[in-house]
Amino acid sequence: MSGIKGRKCKALIRGLIPWILLPNIMLLLYCLTNPSQGKMSSSQEDTCPLSMTRLLKKSSPMSSQSAESQSQQCSPKVNIMFMKTHKTASSTILNILFRFGEKHKLKFAFPDGRNDFFYPSPFLCSQVKDYRPGECFNIVCNHMRFNHQEVSKLLPPDAVYVTILRDPVDLFESSFHYYHRAVPLTWRIGGENKLDEFLNNPQAFYSPEAYNSFYLKNLLFFDFGLDNNLEADDPHVMRDIHNLSKHFHLVLIAEYFEESLILLKDLLCWSMDDILYFKLNARRSSSVSRLNPEMRAKALQWNGADWRLYQHFNATFWARVEAYGRERMKQEVNQLRRRNAEMKALCIEGGEAVGAQKIQDGRFRPWQPVGESSILGYNLKKDTDPKFKAICEKMVTPEIEYLSNLGVSLWLTRLWGWLKDTIY
């Protein structure tokens, strides 16, 4: 009997070793690769000068504008900051920006060695690959913890700032599912439904100082560089929200993704071709936890600061829709749906996304969360018309692969991926 108990104990210890080692390995790698976090500077030499705006536009001609764009009384915007938030359909927006920037030979500010700007550290210009003070870029769009003072140094003064939000309850459920194996606080939660167990007593499984704890509370607030441990009734919450509203020209809403893209197209003076998309980084439906009303209420209370953020910008979003015109919006959304359906018919085998194991070409296999394969991807038709093959491939290419195609070194991200897939 004692021998059986001993074997069980050894098996348990072996099972715990990866969970203990992995965060420490990643922390060590992070520390070794994190650039100097020196004092922030706001000197004139560090800032993208106004005179560069015209030079950048000259070097990025819109050589193939559609008739739609040419008929408008505006020029397509090329200087864009997209604040990529977690679990908000932001990967699909990123693909749109990659395609637009690549097509028009725009200059991206990319991270170095990984696919984010050393998240969760606050963003600094020094995190940009080959950054030199005063250098200008067209597009900033990779994951970061927002820091407007530093971001503004990279872009001309006419840059358009855009971000996207999602209902905080759905975002929390998605974040918990995707990241919980990377958050040690959740490892001791028992029961079959860890999410319900957490929501029934979140304080028992949460500490603001713990490793990766920001994934468990007000993740949107954290992404925007704010204090994610504020309660909803704290006066700093609305102050922070109003300050954010001064920086962003448009806040998209994930639940109204098509309407969001139409507003984005209008703001940037782009064509319908520029915003066509396939949904990327989506989860298979069987992995989504269906929270009952009681659990939703608890999740909303726990993420109260995010809820106030979402309510504020949801209201501004619908004010923009009203200004755009409801009927006009309806027609544009219908056109976008028709065009997307046409692209699916041209590009996608079977017309729908499939599980990671069924994706035949490794280039189109998306990054998976630790310990499972719940993120869907696409197979391309083998008989795709050659003139559409390139755009089809770009539309289904996941973020990591697209960054590599654009020349970004991702050695740390790929090492982490190898460790993740090997250990788990």
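Each remark here, short or long, concerns the structure printed above.
Scope of this entry: the structure provided in the associated data block.

Rules of the game
All chains use their own residue numbering, which begins from 1 and follows the written sequence. Residue-level local features of this predicted model are given only where pLDDT is at least 70; pairs of side-chain atoms are given and counted only at 80 or more, and the full residue set underlies all totals for whole chains, interfaces and linings. Just so you know, side-chain values use all the structure's heavy atoms and leave hydrogens and water out. A simple rule labels every residue: compare its accessible area, found with a 1.4 Å probe on the protein chains alone, to the largest value its type can have, and call it buried under 20%, exposed over 50%, or partly exposed in between. Numbered from the N terminus, helices here are DSSP runs of H or I no shorter than four residues, and strands are runs of E no shorter than two. The pairing criterion is simple: DSSP has to find at least two bridges between the two strands. Only the contacting stretch of a helix is used when fitting its axis, a line to C-alpha atoms as for every element, and angles between N-to-C directions run 0 to 180 degrees. Throughout, the term roughly parallel applies to angles under 35 degrees, roughly antiparallel to angles over 145, roughly perpendicular to angles from 65 to 115, and oblique to all others. Should any heavy atoms of two residues lie within 4.5 Å, those residues are considered in contact. The residue classification treats Ala, Val, Leu, Ile, Met, Phe, Trp, Tyr, Cys and Pro as nonpolar and Asp, Glu, Lys and Arg as charged. All others, Gly included, are polar. Criterion for a disulfide: a pair of cysteine sulfur atoms within 2.5 Å. To estimate how far a helix should extend, the number of its residues minus one is multiplied by 1.5 Å. Side-chain atoms alone can form a polar contact between residues adjacent in sequence; in general such a contact is a pair of N or O atoms within 3.5 Å, and within protein one must be able to donate a hydrogen while the other accepts it.

**Here we look at the pairing of strand β4 (residues 160–165)**
Two faces, one strand: in a regular strand the side chains alternate between the faces of the sheet.
Okay, step 1: The buried fraction of β4 is high, at six of six residues.
Okay, step 2: Bridge count for strand β1 (residues 80–83) against β4 is four bridges, and the pairing is parallel. Each residue of the ladder has a partner; that of M83, found in β4, is T163.
Okay, step 3: One ladder, built from four bridges, connects β4 with strand β5 (residues 250–253); its direction is parallel. For T163, the partnering residue across the bridge sits in β5 and is V251.

**Here we look at the packing of helix α13 (residues 326–347) against helix α14 (residues 386–396)**
Okay, step 1: Axis separation between α13 and α14 bottoms out at 10 Å; the angle between their running directions is 105°. When the axes of α13 and α14 are compared, the pair comes out roughly perpendicular. Taken together, the residues of α14 that come into contact with α13 (itself represented by M343, L346 and C347) are F388, I391, C392 and M395.
Okay, step 2: Taken together, the residues that form the contact of α13 with α14 break down as seven nonpolar, no polar and no charged.

**A few points about the state of the cysteines**
Okay, step 1: In this structure the tally under the stated criterion is two disulfides.
Okay, step 2: Between C74 and C269 runs a disulfide, and the two sulfur atoms are separated by 1.9 Å. Note on the C74 and C269 pair: the S-S dihedral is about 90°, so by sign convention the disulfide is right-handed. Taken together, the positions of C74 in the loop between α3 (67–70) and β1 and C269 in the loop between α10 (257–268) and α11 (293–302) put the pair 195 residues apart, joining distant regions of the chain.

**Overview of helix α6 (residues 168–179)**
Okay, step 1: Between the first and last C-alpha of α6 there are 16 Å, a value that for 12 residues agrees with the 16 Å anticipated at 1.5 Å per step.
Okay, step 2: Of all 12 residues making up α6, 11 are buried, and the element is well covered by its neighbours.
Okay, step 3: Along α6, the positions that sit buried rather than exposed are P168, V169, L171, F172, E173, S174, S175, F176, H177, Y178 and Y179.
Okay, step 4: Structurally, α6 contributes buried residues whose contacts are with α7 (194–200), α8 (219–223), α11 and α12 (304–324).
Okay, step 5: N-cap assignment for α6: the residue whose side-chain oxygen lies 2.8 Å from the backbone N of V169 is D167.

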